[in-house]
Amino acid sequence: MAHIPFSDPAWKTTFPFLVEPHANEWLVGVLLRCDEANHWGSGTTLTHVCRRNEKTANSDWTFIAPSGFPFDDLADALAVPYEALVATTYQADLARIYGVADPHALLLQTSFSFRFCPACVAEQRLLTRTLVLPHITICPQHQIVLATTCLCGTALRPFHKQAPPFRCFKCGLDWAELPQKQADQTRAEIEAQLLSYYLFFWTYGTPEVLASALQLVYDNVVEKGEIRAPLSDHVSWPESLGKSYRRTSSLGYVVHLLWQLDLTPGDILVYAGPLPWRSAKWTRFQCSEPC
């Protein structure tokens, strides 16, 4: 955290106390840390950077791919690079994977509930970007279950005008004091697999790779003659977005299918290669002659 001296000209255009995004930090965490550093109420930073635009100020963002968010204003107020703040969301990743300039959060998941790791909050006041991913319920670093409710039974939310940052808006309990429940080992192993799929798409994802993954899922279901997972998670994009989105599957849904069908990132790459009509597993078990 940096402090701008009163004699510095930047004092008039930046916040008194500055924070910088951590590696893999979620945008919500940056906003809350700024509130806490400046002794402001929860959501004050968010309200400040949105004050000039009534439309964006009233938006209900999930902060996964916040379309229209004033990153430039927040970057100026924190004196950090614009790109560093965009990296606290999945906006750039989803834009590349789906080939759209202004991606919506629905491209990652169709529903979202606020959750976090109490240990990360206790150690660094950190809300990681990884924990907004669909099907992830465990902190991969601490191997504890993510918190969604306070000890008083209240569903936790990131911003509330009557609560200090990182505290329950009803009873005032600091999120760092919530119980750290050890995760089930089997579930932890499953989520490690799911995270490997996400990492693959963050690293190699393009519209072509995504299409290969969807074709791989379809062909695998046809080959097995059974459907272990529903194939109907199509999204109709709201007309109010003013964007022309095609109907497609959310990335969270695609990842879930790949895991359920026991497919691997390597299988996807084979589909994207010279023979994109059979997976590596199909070739290995069905080919009558050794290659």
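Residues numbered from 1 in each chain as written. Predicted model: local features only at pLDDT ≥ 70, side-chain atom pairs only at ≥ 80, totals over all residues. Heavy atoms only, no water.

S.K.: Looking at this structure, how should I read the overall build of the chain?
M.R.: Within the chain, the secondary structure is distributed over twelve helices and two strands. Secondary structure elements in the chain, listed N-terminal to C-terminal, are β-β-α-α-α-α-α-α-α-α-α-α-α-α. A burial count over the chain gives 47% of its 291 residues as buried. Restricting to contacts in the chain with at least 6 residues of sequence separation, those with at least 24 account for 63%. A total accessible area of about 15,000 Å² is found for the chain, and carbon and sulfur atoms account for 54% of it. (Helix = DSSP H or I, 4+ residues; strand = E, 2+ residues; numbered from the N terminus. Buried < 20%, exposed > 50% of the residue type's maximum accessible area, 1.4 Å probe, protein only. Contact = heavy atoms within 4.5 Å. Areas by Shrake-Rupley, 256 points an atom, 1.4 Å probe, with all protein chains shown as cover.)

S.K.: Even after reading the chapter, I still don't get the pattern of salt bridges, so can you show me in this structure?
M.R.: Opposite charge on two side chains permits them to pair, given that their charged atoms come into close proximity. Per the counting criterion, the structure on display carries seven salt bridges. One salt bridge connects Asp93 with Arg129, and the closest N-O pair in it is separated by 3.2 Å. A residue pair is termed long-range when its members are at least 10 positions apart, and Asp93 in helix α6 (residues 91–98) and Arg129 in the loop between α7 (118–124) and α8 (185–204) qualify at 36 residues. Its relative accessible area of 13% is what places Asp93 among the buried residues. Asp174 serves as the salt-bridge partner of Arg167, at 3.8 Å between the closest nitrogen and oxygen. Salt bridges sharing common partners tie together Glu36, Arg125, Arg167 and Asp174. (Salt bridge = Lys/Arg side-chain N within 4 Å of Asp/Glu carboxyl O.)

S.K.: Just to check I follow, could you spell out the packing of helix α9 (residues 207–224) against helix α10 (residues 251–260) for this structure?
M.R.: A pair of packed helices is characterised by two quantities: the angle between their axes and the separation of those axes. Remark: α9 packs on α10, axes separated minimally by 10 Å, with the N-to-C direction vectors making an angle of 45°. By the angle between their axes, α9 is oblique relative to α10. Along this stretch, α9 crosses α10, giving a crossing that reads as left-handed. Of the residues in α10, those touching α9 at Leu210, Ala213, Leu214, Leu216 and Val217 are Leu251, Val254, Leu257 and Leu258. The class makeup of the residues in the contact of α9 with α10 is nine nonpolar, no polar and no charged. (Axes fitted to C-alpha atoms, helices over the stretch in contact; angles between N-to-C directions. Parallel < 35°, antiparallel > 145°, perpendicular 65-115°, else oblique. Left-handed = near helix turned anticlockwise from the far one by under 90°. Nonpolar A, V, L, I, M, F, W, Y, C, P; charged D, E, K, R; others polar.)

S.K.: Before we go on, may I ask you to explain helix α4 (residues 71–78) in this structure?
M.R.: Helical geometry note: an α-helix holds 3.6 residues per turn, so side chains three or four residues apart project in the same direction. For α4, the complete set of buried residues consists of Phe71, Leu74, Ala75, Ala77 and Leu78. In a view along the axis of α4, the buried residues occupy a sector of 165°, so they form one face of it. Structurally, α4 contributes buried residues whose contacts are with β2 (17–18), α1 (27–37), α2 (44–49), α5 (82–86) and α6. Positive backbone phi, approximately 55°, marks Ala79, located one or two places after α4. (Arc of directions from axis to C-beta.)

S.K.: I tried to follow α6 on my own but got confused; where do I start?
M.R.: For α6, the buried fraction is high: six of the eight residues fall into the buried class. Of all the residues in α6, the buried ones are Gln91, Asp93, Leu94, Ala95, Ile97 and Tyr98. Its buried side turned inward, α6 meets α4, α8, α9 and α10. Note on α6: the residue one or two positions beyond its end, Gly99, has a positive phi of about 65°.

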